[in-house]
Amino acid sequence: MEEKIKIPQYPPAKILKAVEKLRYFLIRISRKLAPANVNIMEMVQGFYVSRAIGLAVKLNISDYLHNGSKSISELALLTNCHEESLYRMMRMLASQGIYIEKKSRVFANNNLSRTMLDKDDTMHYMISHQVNGFNWSMYGELEYVIRTGENAFKKVSGMELFKFLEANPEKNDEYNKAMTNSSVMLGYAILSEYNFKNAKRVIDIGGGHGVLLSLILKKHKHLNGIVFDLPHVVNQANQIFIKFGIENRTEIISGNFFESVPSNADIYLLKSIIHNLTDIQAIELLKKIKSVLPVNGKILVFEPIIESNNGRYSFAKLFDVQMLVGTAGGKERTLDEYKDLFKKSEVKLKRVIPTAAPFSIIELT
Ligand SMILES: C[S@@+](CC[C@H](N)C(=O)[O-])C[C@H]1O[C@@H](n2cnc3c(N)ncnc32)[C@H](O)[C@@H]1O
């Protein structure tokens, strides 16, 4: 039997936000307690750790440890690796709090390493997508990006992202599963902050394998839903719907949102879609949705918003660099930039709902 997807349970947004503030405050204090050159070196060495996490995922180490600890010689045999080199990498990861070295040369999973298990509700595919494949190569081209204003994805792969994914089924699978990982992680933020009581049918535009829609429909039994995405993406969505037991309330429609979008829904979700697009493309898409939106219909844009937070930690600013490097003109936007975009798209901004995640829900009519 297929393993069920575990829906994460989190404390209320207010508590999470307060904890997050405290956490970043403590990080700033910790930085102040160390000399600047130590701080900067620790940040730079972050890439040793990222790369080792990526390899541990590729080697499925967490899965091998799922039923109990294993010695490094067993792990080396299972993963077909050089024992001493694997040991040194695992020892380093354990020193970063990922895996536990229970006794000499014997490793076990802990909370962090369990996020690397090969499942829909972990971070396995997101890690792989971030550090094992083209994303890693793209960051090698950061200078090219900053000097030219061009993106690195095209330079590395010779194509635009979604065309490349269509042509490379293995990468397409990894990318879509990475999006599923991210939506399982972030879905709670929409679920706990938005009231779907008056809606009847929700459509997730660019909804990938449909996990966000599934989370919403699982909670709101009165809703029907549609997932809309490119054909080579939505063809996998039914598997997720079955895992959630909502296949009787869902429909899968494939297509290109620059050509047309389905009508007959009263809520249009756009999660992590607008930030991939140039202003011109975003306006085109929003206008298209507006043209089929019923009178009381809503468009919910789910994106991080760039705040002027005086050099404090900002997920939005970090992710904006990912957009800079990896997309042809995509970006994270400030609220003013969004307002300008909405005005040109002839949609009305109703409200911005902050969530516990670093994403806001932007409600449009
Ligand atoms: C960054 S992913 C976000 C996926 C999903 N909304 C989520 O947040 O997990 C962007 C999605 O847009 C889809 N997409 C890109 N261009 C599209 C197009 N022209 N028509 C329909 N879907 C498209 C991709 O296939 C992908 O699933």
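Parameters at a glance
Residues numbered from 1 in each chain as written. Predicted model: local features only at pLDDT ≥ 70, side-chain atom pairs only at ≥ 80, totals over all residues. Heavy atoms only, no water. Domains from an automatic or database assignment. Pairing = 2+ DSSP bridges. Helix = DSSP H or I, 4+ residues; strand = E, 2+ residues; numbered from the N terminus. Axes fitted to C-alpha atoms, helices over the stretch in contact; angles between N-to-C directions. Contact = heavy atoms within 4.5 Å. Salt bridge = Lys/Arg side-chain N within 4 Å of Asp/Glu carboxyl O. Buried < 20%, exposed > 50% of the residue type's maximum accessible area, 1.4 Å probe, protein only. Arc of directions from axis to C-beta.

## Brief notes about the domain arrangement of the protein chain
Here comes step 1: Taken domain by domain, the protein chain comprises domain 1 (32-118) and domain 2 (130-364).
Here comes step 2: If you average the C-alpha positions of domain 1 and of domain 2, the two centres end up 32 Å apart.

## Quick word on the sheet that holds strand β6 (residues 250-254)
Here comes step 1: Overall, mixed pairing links the 7 strands, which are arranged β6-β5-β4-β7-β8-β12-β11 in an open sheet. The two strands at the open ends of the sheet, each matched to only one other strand, are β6 and β11 (349-354). Averaged over all pairs of adjacent strands, the angle between their axes in this sheet comes to 20°, without regard to strand direction.
Here comes step 2: Both strand β4 (residues 201-205) and strand β5 (residues 224-229) contribute to a ladder of 5 bridges, which runs parallel. Of the residues in β5, the one forming a bridge with D204 is V227.
Here comes step 3: Those strands touched by helix α16 (residues 237-244) are β5 and β6, and its axis lies near 170° from that of β6.

## What about the pattern of salt bridges?
Here comes step 1: Going through the model one piece at a time under the given rule, you end up with 14 salt bridges.
Here comes step 2: Salt-bridge contacts for K171 lead to E174; the nearest nitrogen and oxygen are separated by 3.6 Å. Taken together, the residues span about one helical turn, with K171 and E174 both in helix α13 (residues 169-193) at a distance of 3 residues.
Here comes step 3: With a closest N to O distance of 2.8 Å, R351 and E363 form a salt bridge. One end of the pair, R351, is in strand β11; the other, E363, is in strand β12 (residues 360-364), and 12 residues separate them in sequence.
Here comes step 4: Of the residues examined, E363 reaches a relative accessible area of 4% and is grouped as buried.
Here comes step 5: A network of salt bridges, in which partner residues are shared, links E83, E84 and R105.

## Here we look at the environment of N37
Here comes step 1: Mapped onto the secondary structure, N37 falls in helix α2 (residues 36-44).
Here comes step 2: In this structure N37 comes out as exposed when scored by relative accessible area, which is 55%.
Here comes step 3: Sequence separation between N37 and D336 is 299 residues; the distance between their C-alpha atoms is 37 Å.

## Considerations on the environment of S183
Here comes step 1: Assignment of secondary structure puts S183 in helix α13.
Here comes step 2: Note on S183: relative accessible area 9%, which makes it buried.
Here comes step 3: Distance in space between the C-alpha atoms of S183 and G207 is 9.7 Å, their sequence separation being 24 residues.
Here comes step 4: Setting aside residues no more than four positions away along its own chain, S183 makes contact with V211, L212, L215 and K271.

## Looking at helix α19 (residues 335-345)
Here comes step 1: All buried positions along α19 are accounted for by Y338, L341, F342 and S345. Buried residues in α19, looked at end-on, bunch into an arc of 95°, giving them a common side. Of the exposed residues in α19, the ones pointing more than 90 degrees away from its buried face are D336 and K343.
Here comes step 2: Buried residues belonging to α19 abut α17 (279-292), β8 (298-303), β9 (305-306), β10 (333-334), β11 and β12.
Here comes step 3: Directly beyond the C-terminal end of α19, a positive phi value near 60° is found at E346.

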